[in-house]
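Next come the chains, spelled out residue by residue.
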Amino acid sequence: MRIWVSGVVVVVAGGLGLQAGGTAGTGLPAPLSDADFRPVDPAAAALGQLLFYDPILSGNREVACATCHHPAFGTSDGVSLGLGDGGIGLGPLRRADADNLPEERVPRNAQALWNLGAVEYRSMFHDGRVEVDPSRPNGMRTPLDEDMLVGFDSMLSAQTMFPVVSPDEMAGHYQENEISTAVRLGMLTGPDGAWARLAARVAAVPGYAERFAAVYPEIAAGRAIGFTDVSNAIAAFMEFEFRSDSAPFDAVLRGEATMGPLAGEGMALFYGPAGCSGCHSGPFLTDHSFHAMGEPQLGPGKGARFETHHRDEGRYRVTGAAADWYAFRTPALRNVALTAPYGHAGAHRTLEAFLAGHGQGAALAGYDRSEAVLPSLAVSDWAVMDDPAQVAAIAAAAEGGPVLEPGEIAALVAFLQTLTDPVAVEGRLGVPEAVPSGLVVPNP
């Protein structure tokens with residue numbers, strides 16, 4: 001018997017392909033359970049939903065978390081490199097505001113948010129610059145080191161602190177609002193810092209003040225709302241809303257179904273000769289490590305404002321270890337069919353194109369620049385790809401990968417489509433119709 005789940009055929013009782021259920025010898029991970037996720041306070045998640053979709057957290061009150069991480073685009077934004085402050089619209093239709101032009105594109109592809117509340121996650125961002133570290137006072141390592149605030153419920157909560165103080169993402173141009181000015185002066189922490197100013201904005205909205213008091217007893221008792229409270233609520237929402245463990249693949253892992261023929265062939269390749277599971281391991285299909293795969297580099301790169309290069313040195317910029325040159329975090333593959341474009345700079349608009357060049361150097365040597373999805377902006381997008389020395393350096397650091405035939409790519413894509421979770425895609429709380437600030441909720 002065949003059943004359709006979100007456009008994917010799952011063959012039940014007698015289908016073809018690898019059997020699973022976490023049994024030894026299959027190469028497949030054990031199925032997920034509640035034990036793999038932190039418990040979430042529903043009231044905190046409901047508060048975080050409003051904050052996630054509210055532009056009040058951006059310097060110019062125009063960009064929300066959801067602007068670049070919208071469920072309509074797989075919790076990403078549908079473009080290679082996004083436009084934060086100074087952009088208008090959502091997804092591939094987002095464009096630069098002629099009256100407030102962005103200074104640059106966001107330097108890296110907006111990562112999807114699926115399952116970031118899982119307990120096995122130990123780092124965040126493409127380069128892992130926020131990561132668990134028990135030796136630190138607050139239990140994690142961040143770009144601020146010992147100057148980082150304390151009071152986070154999770155590493156995911158700490159991660160949410162940084163986009164709001166990024167000029168290209170949410171803070172805005174220097175000197176055009178009080179948040180961007182504080183960022184320019186290096187004032188992130190402290191009573192006059194950017195985070196405290198954002199928390200004060202939120203606290204000044206009666207609807208938020210009431211909700212925070214209802215969720216957090218110490219705030220009801222008189223403690224002021226801090227930005228760690230804001231970030232904790234947003235993290236609770238993301239953990240609840242974007243948990244993904246009910247895809248057709250999960251039914252296979254639980255032994256309730258088997259794959260259809262083409263997806264089964266792709267799964268056999270993934271866990272067999274193609275070697276994908278060497279890095280995309282475990283139930284979330286990531287080893288949580290960092291690998292240099294020779295991906296094309298486009299856009300502004302990752303550097304300080306005073307630096308003029310367009311390189312993105314990846315994990316090396318965090319660790320300073322030569323082995324980490326051009327290495328990026330292995331992306332988890334849950335709902336990957338929904339999260340195009342692919343790569344740390346979003347260089348490939350389709351899974352087929354990404355797989356064709358992945359790990360071979362062909363991603364660089366034969367790269368088709370039309371694969372990039374870049375909203376029009378008068379900036380230098382191809383400085384690295386136009387420099388043979390820099391291209392050679394990226395290629396030299398790259399790990400090897402398999403050469404895949406077109407039929408193998410089609411089978412792998414069919415398997416990857418079984419990772420699409422209809423429950424997660426539909427959403428649990430969804431997009432609110434309005435937020436307490438009264439600002440416009442981003443929605444296509």
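This is a predicted model, so every value here is computed, not measured.

Details of the overall build of the chain
Logical step 1: Broken down by element type, the chain carries 17 helices and 10 strands.
Logical step 2: Computed over C-alpha atoms, the radius of gyration of the chain comes to 22 Å, within 12% of the 22 Å expected from 2.2 N^0.38 for 444 residues, which places it in the range of a compact globule.
Logical step 3: The buried share of the chain, taken over its 444 residues, is 55%.
Logical step 4: Expressed as a percentage of contacts within the chain between residues at least 6 apart in sequence, the contacts between residues at least 24 apart total 68%.
Logical step 5: Split by element, the accessible area of the chain, about 17800 Å² in all, is 55% carbon and sulfur.
Logical step 6: Between the centroid of the 28 positive side chains of the chain and the centroid of its 51 negative side chains there is a distance of 2 Å.

Some points on the nonpolar core
Logical step 1: Counting 62 residues, the largest nonpolar core has Leu51, Phe52, Leu57, Tyr208, Phe212, Phe227 and Val230 as the members making the most contacts within it.
Logical step 2: Among the elements of the structure, α1 (42-52), α2 (65-68), α3 (155-159), α4 (167-171), α5 (178-184), α6 (194-203), α7 (206-215) and α9 (227-241) are those that each provide at least two residues to this core.
Logical step 3: When residues in this core are grouped by element, the largest group, 8 residues, is from α9.
Logical step 4: Discounting residues that sit within four places of it in the chain, Phe212 has contacts with Leu47, Leu51, Val202, Ile219, Ile225, Asp229 and Val230.
Logical step 5: The next biggest cluster of nonpolar side chains, apart from the first, holds 28 residues, and it includes Ala274, Phe354, Val413 and Ala414.

So, the packing of aromatic side chains
Logical step 1: With the rule as written, the count across this model stands at 18 aromatic pairs.
Logical step 2: Site record: aromatic cluster; members linked through ring pairs are Phe52, Tyr53, Trp114, Phe237 and Phe242.
Logical step 3: Positioned over the ring face of Phe125 is Arg129, at 3.8 Å from the centre of the ring.

Parameters and conventions
- Residues numbered from 1 in each chain as written.
- Predicted model: local features only at pLDDT ≥ 70, side-chain atom pairs only at ≥ 80, totals over all residues.
- Heavy atoms only, no water.
- Helix = DSSP H or I, 4+ residues; strand = E, 2+ residues; numbered from the N terminus.
- Rg over C-alpha atoms; globule rule 2.2 N^0.38 Å.
- Buried < 20%, exposed > 50% of the residue type's maximum accessible area, 1.4 Å probe, protein only.
- Contact = heavy atoms within 4.5 Å.
- Areas by Shrake-Rupley, 256 points an atom, 1.4 Å probe, with all protein chains shown as cover.
- Lys, Arg positive; Asp, Glu negative; His and termini not counted.
- Charge placed at Lys NZ, Arg CZ, Asp CG, Glu CD.
- Core = buried A, V, L, I, M, F, W, Y, C linked by side-chain atoms within 4.5 Å.
- Phe/Tyr/Trp six-rings, centres within 6.5 Å; stacked < 30°, edge-to-face > 60°.
- Lys NZ or Arg CZ within 6 Å of the ring centre and 35° of its normal.

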